[in-house]
2 protein chains.
Amino acid sequence: VVEPSTVTAVVNTGDDVVLHGLHVSPDLDTVTYTLAGAVNPETGWGLAGESWGVMDALSRFNAPAGSAAAMTWFRLGDRDLATHLYRTQRLQEGAPLSKVTSEITAAWNVAVRVLPMTDDPVETRVTVAGEGEIGFQDYFVARRHSVPVEEVRFAGSVTARPAPGVLDGIATAAVAVVCPSNPIVSIAPIRAVPGLEVALVARRNDTVAVSPIVAGEALKGPAARLMEELGYEASAVGVARLYAPIAATLVVDEADRDLAPAVEREGVRCVVAPTIMSDPEAAAALARTVLESAGPAEP
Amino acid sequence: VVEPSTVTAVVNTGDDVVLHGLHVSPDLDTVTYTLAGAVNPETGWGLAGESWGVMDALSRFNAPAGSAAAMTWFRLGDRDLATHLYRTQRLQEGAPLSKVTSEITAAWNVAVRVLPMTDDPVETRVTVAGEGEIGFQDYFVARRHSVPVEEVRFAGSVTARPAPGVLDGIATAAVAVVCPSNPIVSIAPIRAVPGLEVALVARRNDTVAVSPIVAGEALKGPAARLMEELGYEASAVGVARLYAPIAATLVVDEADRDLAPAVEREGVRCVVAPTIMSDPEAAAALARTVLESAGPAEP
């Protein structure tokens, strides 16, 4: 739909985690592998045709109680591990994450400019009812996001700075797109980096969001449940309320056509279109819809 | 020859290195894998039947000049990497290396008690003529130990403490054995840990060393070349001079039978026996010889 080299993707790093000493950036890697055409199509993360020699061997160990040393619930495939080894070494050599990410995307021949939201450490922390605060991967992977959440915060975000290129990318983009991702744990951490929200607000008229909630449910993941637990309606209307400050336009799925008036009452132009990216053609059609939809909401 | 659970192996950690953020302990792992019967018999290190998915994938990356991020000269097999992931996580959780090592050997069903010489960081550093000081793996693996060495030192050894069990193990052993290893870069770092040399000297009459030099050459590795470069004769006599302070007895190979008088002039009883461990029977015979040889040198 557009020349990849003209696209900048600003990606959440609040899910980043150090496992076995390795710096893992799940969202950056998923974006990179997806753009490289190498992602595992069945899981939506990791690499297609992956092997699991390291994880299988790790199962030999019996770590003491409380240790994560023999942890295999966070599955790191062999080829994926190479990315983590590379990233970890470069970070320890002092390279910022944005530089390392550009090296990794270059190795995968990805033309889209993939930027972490920040080079500074930001950590998504989730307060689980009856359990207290835990790390994001503990919540998302170990507990399969099936526990009640009371609060989400982004530790470190107060002092984080946008990575090089992020503010310029937003300021100079023809259209800014808030992709159909989790508003609470994937988009909110980006908005929480100081300067990012202001930059997005300044481009509100050129910003188009796509609702990740279709007919009251997320296509995958805990977006709907999290929105409800944190006081938002789990619907396109709830999404509109969350994104109204930064996006003049919200694309909602045809299944939510009836919600369009309620979405517009949130001060957001509502565009109804097929939003489920079931194949590349559907994804391309959605991309065209999004790009054509940009513009100020009617008063 | 003896019940494995009665044996304590004190192992050099001066070769330990952090690669890609992972704590690699080459000597501990070689001892563990060998005792587990899992070592690669062709290389003498790493695991038999190893797979290389991670290293192969790492070759995708082109690290900038000066970076070790895409370094594949230090080959880390997939199953071996699981050991490094486990060790790194446990060390980051605060477990001392000796504790982690006991967990790893337990996972491999190794009954011999394998102890690192110290839980503290000690780093073997090698000064190469015309190049300056480099790390041990840079010397040993990257340069294949085929460069002239001017000096070897063990950074951190001044403040290192023997790992728990090491001094007791030496003090209470029926026989202490200095295995046929490299006197300069495998045995000397152990001797350099404060308290170790004194403990060995105290057991001199019960300590038997086996010469790693046979007919003027090391069976493998740079022992002969290093001894010469650092001013020792590359022979069983040179070995006797190096070990005279700690071992009353030196076992030399039958090929060096003629050197026995010169060895004894170093104040060391010389035992001549087959020392090449070409198969388990030969190794067992050497072990028996060593155990039977212990005792004070004649004046």
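Everything discussed here concerns the structure shown above.
A brief look at the structure comes next. Owing to the predicted nature of the structure, the values given are computational and were not obtained by experimental measurement. (Residues numbered from 1 in each chain as written. Chains lettered and ligands numbered in written order. Predicted model: local features only at pLDDT ≥ 70, side-chain atom pairs only at ≥ 80, totals over all residues. Heavy atoms only, no water.)

Among the nonpolar cores identified, the biggest contains 68 residues, and Phe 61, Tyr 86 and Trp 108 of chain A together with Phe 61, Tyr 86 and Trp 108 of chain B are the most heavily contacted of them. Dropping the residues within four chain positions of it, Tyr 86 of chain A is found in contact with Val 100, Glu 103 and Ile 104 of chain A together with Leu 58, Phe 61, Asn 62, Ala 63, Pro 64, Ala 69 and Ala 70 of chain B. (Core = buried A, V, L, I, M, F, W, Y, C linked by side-chain atoms within 4.5 Å. Buried < 20%, exposed > 50% of the residue type's maximum accessible area, 1.4 Å probe, protein only. Contact = heavy atoms within 4.5 Å.)

Take chain A, turn it by 180 degrees, move it 0.0 Å along the axis, and it overlays chain B with an RMSD of 0.0 Å. Expressed as a symmetry operation, the mapping of one chain copy onto the other fits a two-fold axis. Looking at the rotation axis and the C-alpha trace of chain A, the residue lying nearest is Gly 21 of chain A, at 2.9 Å. Take the interface residues of chain A: 100% of them recur as interface residues in chain B, which is what a same-surface contact looks like. (Least-squares fit on C-alpha atoms with pLDDT ≥ 70 in both.)

What follows is about the pairing of strand β1 (residues 8-11) of chain A. Residue and element names in this part refer to chain A. Residues Ala 9 and Val 11 line the buried face of β1, whereas the alternating positions Thr 8 and Val 10 sit on a face that is not buried. As defined by bridge partners, β1 adjoins strand β4 (residues 113-116) across 4 bridges and the pair is classed as parallel. For Ala 9, the partnering residue across the bridge sits in β4 and is Val 114. (Helix = DSSP H or I, 4+ residues; strand = E, 2+ residues; numbered from the N terminus. Pairing = 2+ DSSP bridges.)

Our next topic: a nonpolar patch on the surface. A cluster of nonpolar side chains, contributed by Val 1, Val 2, Val 177 and Leu 291 of chain A, occupies part of the molecular surface with about 310 Å² of accessible area. On the secondary structure map, Val 2 of chain A appears in the segment before β1. (Patch = residues over 30% accessible without salt bridge, like charges linked within 9 Å, V, L, I, M, F, W, Y side chains within 5 Å. Areas by Shrake-Rupley, 256 points an atom, 1.4 Å probe, with all protein chains shown as cover. Salt bridge = Lys/Arg side-chain N within 4 Å of Asp/Glu carboxyl O.)

Further remarks concern the packing of aromatic side chains. Scanning the entire structure with this criterion turns up 10 aromatic pairs over all chains. Ring centres 5.1 Å apart and planes at 20 degrees place the aromatic pair Phe 136 of chain A and Phe 140 of chain A in the stacked group. Residue Phe 136 of chain A and its partner Phe 140 of chain A are located together in helix α5 (residues 136-142), separated by 4 residues, close to a single helical turn. The class for Phe 136 of chain A is buried, based on a relative accessible area of 5%. Under the relative-accessibility criterion, Phe 140 of chain A is labelled partly exposed at 30%. Members of the aromatic cluster, joined through ring pairs, are Phe 136, Tyr 139 and Phe 140 of chain A. If you follow Arg 60 of chain A out to its NZ or CZ, it ends over the ring of Trp 108 of chain B, 3.4 Å from the centre. (Phe/Tyr/Trp six-rings, centres within 6.5 Å; stacked < 30°, edge-to-face > 60°. Lys NZ or Arg CZ within 6 Å of the ring centre and 35° of its normal.)

This part is about the sheet that holds strand β6 (residues 132-135) of chain B. Residue and element names in this part refer to chain B. Strand order in the open sheet made by the 3 strands is β6-β5-β7, with antiparallel pairing throughout. Since the sheet does not close on itself, it has two edges, and those belong to β6 and β7 (149-155), each with one partner. Across the sheet, the mean angle separating the axes of adjacent strands is 30 degrees when strand polarity is ignored. Across 6 bridges, strand β5 (residues 123-128) lies against β7 in antiparallel orientation. Bridging across to β7, Thr 127 finds its partner in Glu 151. Contacting β5 and β7, helix α7 (residues 183-192) crosses the sheet at an angle of about 40 degrees to β7. (Axes fitted to C-alpha atoms, helices over the stretch in contact; angles between N-to-C directions.)

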